[in-house]
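Residue-level structure breakdown
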Amino acid sequence: MKFIEVRDLTIEYTRIDADGKEVPGKKALDGISLDIEKGSFVAVIGMNGSGKSTLAKCLNGLLVPSAGRVAVEGFDTASEEHIWDIRSRVGMVFQNPDNQLVSSIVEDDVAFGPENLGIEPAEIRRRVDNALRRVGMYEKKDKGAHMLSGGQKQRVAIAGAIAMKPDCIVFDEPTAMLDPKGRASVMEIIKDLNTEGITCILITHFMTEAEQADRVIVLKKGKILCDRTPAELFSDREMIEKAGLEMPPVIALRDKAGLPESLMSAEDIAEYVNKR
Ligand SMILES: Nc1ncnc2c1ncn2[C@@H]1O[C@H](COP(=O)(O)OP(=O)(O)OP(=O)(O)O)[C@@H](O)[C@H]1O
Ligand SMILES: [Mg+2]
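Presented here is an overview of the structure given in this document. (Residues numbered from 1 in each chain as written. Chains lettered and ligands numbered in written order. Predicted model: local features only at pLDDT ≥ 70, side-chain atom pairs only at ≥ 80, totals over all residues. Heavy atoms only, no water.)

When helices and strands are counted, the chain shows 12 helices and 10 strands. Here the C-alpha radius of gyration of the chain, 20 Å, is about what a compact globule of 276 residues would show, namely 19 Å. C-alpha atoms of the chain, sized along the principal axes, occupy 60 × 55 × 40 Å. Taken across its 276 residues, the chain has 47% of its residues classed as buried. Look at the contacts in the chain between residues 6 or more apart in sequence, and 63% of them connect residues 24 or more apart. Approximately 13,700 Å² of the chain is accessible, and the part contributed by carbon and sulfur atoms is 49%. Seen as two clouds, the 37 positive and the 45 negative side-chain charges of the chain have centres 2 Å apart. (Helix = DSSP H or I, 4+ residues; strand = E, 2+ residues; numbered from the N terminus. Rg over C-alpha atoms; globule rule 2.2 N^0.38 Å. Buried < 20%, exposed > 50% of the residue type's maximum accessible area, 1.4 Å probe, protein only. Contact = heavy atoms within 4.5 Å. Areas by Shrake-Rupley, 256 points an atom, 1.4 Å probe, with all protein chains shown as cover. Lys, Arg positive; Asp, Glu negative; His and termini not counted. Charge placed at Lys NZ, Arg CZ, Asp CG, Glu CD.)

Another aspect to go through is helix H5 (residues 121-134). For H5, spanning 14 residues, the distance from its first C-alpha to its last is 20 Å, which sits close to the expected 20 Å at 1.5 Å a residue. Residues of H5 that are buried make contact with helix H4 (106-116) and helix H6 (150-162). (Expected span 1.5 Å × (residues − 1).)

Turning our attention to the site of ligand 1. In the region of ligand 1, 13 residues are neighbours, and Asn48, Gly49, Lys52, Ser53 and Thr54 sit closest. Here an oxygen atom of ligand 1 sits 3.2 Å away from a polar atom, N or O, in the main chain of Ser50. At 2.5 Å, a side-chain N or O of Thr54 approaches an oxygen atom of ligand 1. Protein coverage of the free-state accessible area of ligand 1, which is 640 Å², stands at 61%. Those elements that provide at least two residues to the shell around ligand 1 are strand S2 (22-36) and helix H1 (52-58). (Near = heavy atom within 4 Å. Polar contact = N/O pair within 3.5 Å; in protein donor to acceptor, adjacent residues only side chain to side chain.)

All right, on to the sheet that holds strand S10 (residues 223-228) then. Taking strand neighbours across the sheet as the criterion, the 6 strands line up as S6-S7-S8-S3-S9-S10 in an open arrangement whose pairing is mixed. The open sheet is flanked by strand S6 (90-93) and S10, the only strands paired with a single partner. For this sheet, the mean inter-axis angle between neighbouring strands, taken without regard to orientation, is 20°. With 5 bridges connecting them, strand S7 (residues 168-172) and strand S8 (residues 199-203) associate as parallel partners. (Pairing = 2+ DSSP bridges. Axes fitted to C-alpha atoms, helices over the stretch in contact; angles between N-to-C directions.)

Here we have 4 strands laid out as an open sheet, ordered S2-S1-S4-S5, and antiparallel in their pairing. The strands lining the two open edges of the sheet, one partner per strand, are S2 and strand S5 (75-76). In terms of strand pairing, strand S1 (residues 4-16) meets strand S4 (residues 67-72) through 5 bridges, oriented antiparallel. Looking at the pairing, Ile4 lines up with Val72 of S4.

Note: strand S9 (residues 215-220) against S10, 5 bridges, orientation antiparallel. Bridge assignment links Val216 to a residue of S10, and that residue is Arg228. In this structure, the hairpin formed by S9 and S10 is closed by a connection of 2 residues, where Lys221 is found at a positive phi of approximately 45°.

Don't take any of this as a statement about function, it's just geometry.
If you want it as structure tokens, here you go:
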């Protein structure tokens, strides 16, 4: 069984017409199919409005298909009775940390999810402490969330997801509102979580972040434009242009400097330049 199976998934948001009637709007996702393997690290990229957040919300049943099917370990996201089976397996972290923190105190915030799962207090305590240690926020556990920087808030939001012990976390542009330091710390945490076996799905506008995944899915107008490794994708300039995206800064620099196209990372370029 595939961990996450998406088949012919269509999402049609409804809109209100001039007479105040609800009518079908345009398709935000248009018949897409994909599988997510357990333990993988998958980036999802695409222009604004290409359907990335819509896809994210389909993966844990926040949105149910207008047509097609999404299943998590065989549990259909459209079946209400399995919604907790799905939500406990697939966690979400969104872009704006201020919209995700539900409690004013850091540790209460992290405890919120496990409390809702009905877990016993001693186990909640262990999970909260472990999750806060994992993201380097244990020392701030009794602080007010409003005292934290954007990056720290986002780490608390990630701790909240970790405390649910999910198999998978979907990150929807988790670094978009952070400064470079906050972005780097969040990326480190995502990579560590993946190394520890958590399936990570990262939606991002930063090509340098997408480059760090095992696999990149490119969306365009609600369809999958391509699905390949970062090395394959970022050596295909035509595809990047077709997707309306940009090359990662390192690749752009390589091309500006007229260096060989075989160099795919800052390390490759440094080694090549130092040898010359
Ligand atoms: N709640 C909604 N109601 C109606 N249309 C919506 C809704 N949410 C998104 N859309 C539309 O669906 C399409 C896909 O939106 P989505 O938010 O999934 O894109 P995205 O790739 O996440 O974009 P961004 O990069 O800006 O975050 C867009 O055309 C958007 O306007
Ligand atoms: Mg989005």
